[in-house]
Amino acid sequence: AKWRFVLDVGRESGTEMPATWGSSGGRLVLPMDVVVESDSCSSRDELVGSGALKIRPLETATFINDKGEQEVSIKEGGWKIALPPGKKGH
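In this text, all values refer to a predicted model and were calculated from it rather than measured experimentally. (Residues numbered from 1 in each chain as written. Predicted model: local features only at pLDDT ≥ 70, side-chain atom pairs only at ≥ 80, totals over all residues. Heavy atoms only, no water.)

1. Digging into the overall build of the chain
Here is step 1: From N to C terminus, the chain includes zero helices and six strands.
Here is step 2: In the chain, the succession of helices and strands from N to C terminus is β-β-β-β-β-β.
Here is step 3: Across its three principal axes, the chain shows a C-alpha extent of roughly 45 × 35 × 20 Å.
Here is step 4: Within the chain, contacts between residues at least 6 apart in sequence are counted, and of these 47% link residues at least 24 apart. (Helix = DSSP H or I, 4+ residues; strand = E, 2+ residues; numbered from the N terminus. Contact = heavy atoms within 4.5 Å.)

Below you can see the structure in the form of structure tokens.
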């Protein structure tokens, strides 16, 4: 299935970020189109863990700063749905 993800990076109140990080209030917003697949992920995604399925970017993400349009290469990764530790499904 094709999805549009929007990565929104910036300072969030109530977090333990250093006081100087993101203090300008600026945010980096990266929209990207991806394909979420039911095939097994070929590489082990350390954040997602074992049993991950494939998520594949369809294009390079871009943003604009004082140097003009910048490209950000996004790698293929993994996804899965899991209950929080210690929780059981119904």
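Picking up after the structure, the text goes on.
2. Considerations on the sheet that holds strand β2 (residues 28-40)
Here is step 1: Taken together, four strands build an open sheet; the order of strands is β1-β2-β3-β6 and the sheet is antiparallel. Strand pairing shows two members of the sheet lacking a second neighbour, β1 (2-9) and β6 (77-79), which therefore form its edges. The mean angle between the axes of side-by-side strands here comes to 45°, regardless of whether they run parallel or antiparallel.
Here is step 2: As judged from the four bridges shared by β2 and strand β3 (residues 53-57), these two strands associate in the antiparallel manner. From the neighbouring strand, V36 faces β3, where its bridge partner is I55. (Pairing = 2+ DSSP bridges. Axes fitted to C-alpha atoms, helices over the stretch in contact; angles between N-to-C directions.)

3. Re the nonpolar core
Here is step 1: Grouped together as the largest cluster of nonpolar side chains are six residues: L30, M32, V34, V36, I55 and A61.
Here is step 2: Looking at this core, the element that brings in the most residues is β2, giving four residues.
Here is step 3: Other than its neighbours up to four places away in sequence, M32 contacts W3, R4, F5, L7, E59, A61 and I74. (Core = buried A, V, L, I, M, F, W, Y, C linked by side-chain atoms within 4.5 Å. Buried < 20%, exposed > 50% of the residue type's maximum accessible area, 1.4 Å probe, protein only.)

4. Quick notes on the pairing of strand β5 (residues 68-72)
Here is step 1: Where strand β4 (residues 61-65) and β5 come together, five bridges link them in antiparallel fashion. What sits directly across from I64, in β5, is E69.
Here is step 2: Taken together, β4 and the strand that follows it, β5, pair antiparallel across an intervening segment of two residues.

5. Considerations on a nonpolar patch on the surface
Here is step 1: On the surface, a cluster of nonpolar side chains totalling about 320 Å² of accessible area is made up of L7, V9, W21 and L28.
Here is step 2: Along the chain, L7 falls in strand β1. (Patch = residues over 30% accessible without salt bridge, like charges linked within 9 Å, V, L, I, M, F, W, Y side chains within 5 Å. Areas by Shrake-Rupley, 256 points an atom, 1.4 Å probe, with all protein chains shown as cover. Salt bridge = Lys/Arg side-chain N within 4 Å of Asp/Glu carboxyl O.)

6. Looking at the side chain of D33
Here is step 1: Along the chain, D33 falls in strand β2.
Here is step 2: Using a relative accessible area of 13% as the deciding quantity, one classes D33 as buried.
Here is step 3: Separated by 2.8 Å, the side chains of D33 and R4 make a polar contact.
Here is step 4: Residues contacting D33, with those up to four places away along its chain left out, are K2, W3, R4, R56, P57, L58 and E59. (Polar contact = N/O pair within 3.5 Å; in protein donor to acceptor, adjacent residues only side chain to side chain.)

7. Remarks on the pattern of salt bridges
Here is step 1: With the rule as written, the count across this model stands at six salt bridges.
Here is step 2: E59 is the salt-bridge partner of R4, the closest N and O atoms lying 4.0 Å from each other. With R4 in strand β1 and E59 in the loop between β3 and β4, this residue pair connects regions lying 55 residues apart in the sequence.
Here is step 3: Owing to a relative accessible area of 51%, R4 belongs among the exposed residues under this scheme.
Here is step 4: With relative accessibility at 37%, the residue E59 sits in the partly exposed group.
Here is step 5: Residue E37 pairs with R56 through a salt bridge whose shortest N-O separation is 2.8 Å. Taken as a pair, E37 in strand β2 and R56 in strand β3 lie far apart in primary sequence, 19 residues in all.
Here is step 6: R56 gets classed as partly exposed once you look at its relative accessible area, which sits at 32%.

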